[in-house]
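The chain contents come next:
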Amino acid sequence: MNESIPVGPRSPVPPASLDLARRVLAGRHVRLEPYAEGLREDVRAALDCDPDAWRLFAVNGQGQDFDTWWRTVNALVAQDEWVAYAVRSRATDTIVGTTSFLSLKRTRQCVEIGGTFLHPDVRGTLANAEAKYLMLAHAFACGARRVELLTDSRNVRSQAAIAKLGAVREGVLRRERVTWTGHVRDSVLFAVTDLDWPDVRARLERRLGIHPAEDAGHAP
């Protein structure tokens with residue numbers, strides 16, 4: 001079944017403010033499902049691994065800290081400050097990670113993509129690239145002028161993955177936050193603006209093998 005990807009019109013007139021619709025975003029490889037209580041145990045299972053990777057995160061979502069993670073994220077969702085997604089593999093129909101829109105600034109038309117953790121089984125596949133493609137497309141279709149991505153300066157793998165998307169590295173925010181391990185973190189800031197998006201979009205579509213004619217509708 002050839003399902004189209006919900007990326008919006010190719011040359012939209014941006015709305016006056018950012019209004020992120022909370023809905024499923026579906027591609028060929030992954031399906032991003034807004035957090036719901038029924039997904040809780042599947043998300044727990046996907047996140048409960050790779051402690052070395054979690055040490056590079058601002059907060060911990062594995063093991064005994066998962067319940068706090070889940071409550072905190074869902075409280076922010078309820079306050080309309082986050083949109084959190086479970087990442088479902090279309091190949092296996094299992095939850096393989098999590099990702100979110102956060103730091104939503106509606107009148108400034110700016111949002112951050114973050115809180116992304118993917119199970120080691122899907123790293124190195126197209127799962128991350130397609131998830132970011134779906135989220136970037138959704139953000140810009142909903143009125144974003146700027147989408148930010150921040151990562152720990154120690155996380156070289158994450159920086160390389162963000163750069164590969166086509167995001168622009170804008171600098172380092174020194175001593176920007178204290179992580180759950182007590183580390184005082186320098187954060188590397190990347191961004192994609194609405195002016196960058198056509199080139200970034202074309203780059204990601206080539207990488208994902210997407211043809212422009214396929215993006216006319218919404219995948220279920």
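Residues numbered from 1 in each chain as written. Predicted model: local features only at pLDDT ≥ 70, side-chain atom pairs only at ≥ 80, totals over all residues. Heavy atoms only, no water.

- The name an unreviewed UniProt entry gives the chain is GNAT family N-acetyltransferase, with Telluria antibiotica as the organism.

### As for the pairing of strand β6 (residues 146–152)
- Counting buried residues along β6, six of its seven residues qualify, which places the element largely inside the surrounding structure.
- Pairing analysis gives three bridges linking strand β5 (residues 110–118) to β6, with the strands arranged parallel. Within β6, the position partnered with Cys-110 by the bridge is Arg-146.
- Each parallel crossover has a hand, and for β5 linked through helix α4 (residues 127–141) to β6 it is right-handed.
- Relative to strand β8 (residues 184–193), β6 runs antiparallel, the two sharing seven bridges. (Buried < 20%, exposed > 50% of the residue type's maximum accessible area, 1.4 Å probe, protein only. Helix = DSSP H or I, 4+ residues; strand = E, 2+ residues; numbered from the N terminus. Pairing = 2+ DSSP bridges. Right-handed = clockwise from strand over helix to strand, strands pointing away.)

### Notes on the pattern of salt bridges
- In the structure shown here, the tally under the stated rule is 15 salt bridges.
- Of the charged contacts in the structure, one is a salt bridge between Arg-44 and Glu-41, with a shortest N-O distance of 2.9 Å. One end of the pair, Arg-44, and the other, Glu-41, are both in helix α1 (residues 40–47), three residues apart, so they sit about a helical turn from each other.
- Residue class for Arg-44 comes out partly exposed when judged on its relative accessible area of 23%.
- Glu-41 sits in the partly exposed class, given a relative accessible area of 47%. (Salt bridge = Lys/Arg side-chain N within 4 Å of Asp/Glu carboxyl O.)

### With respect to the confidence of the model for the chain
- Summarising the model, the chain shows a mean pLDDT of 90, and 89% of its residues fall at 70 or more.
- The low-confidence segment residues 215–220 (pLDDT under 50) makes 18 contacts with residues lying over four places distant or belonging to another chain. (pLDDT = per-residue confidence, 0-100. Contact = heavy atoms within 4.5 Å.)

### A few points about the layout of surface pockets
- In this structure, the largest pocket spans a volume of roughly 1200 Å³.
- In terms of lining residues, the largest pocket is bounded by 45 residues, among which Phe-57, Thr-116, Phe-117, Asn-155 and Ser-158 are the most central.
- With seven residues, the top contributor of residues to the lining of the largest pocket is β5.
- Grouping the constituent residues of the lining of the largest pocket by class yields 21 nonpolar, twelve polar and twelve charged. (1 Å grid on protein atoms, 1.4 Å probe; cavity = no way out; pocket = protein on both sides within 12 Å on 5 of 7 lines; lining within 4 Å. Points joined across faces, edges and corners; volume = space filled by probe spheres on them. Nonpolar A, V, L, I, M, F, W, Y, C, P; charged D, E, K, R; others polar.)

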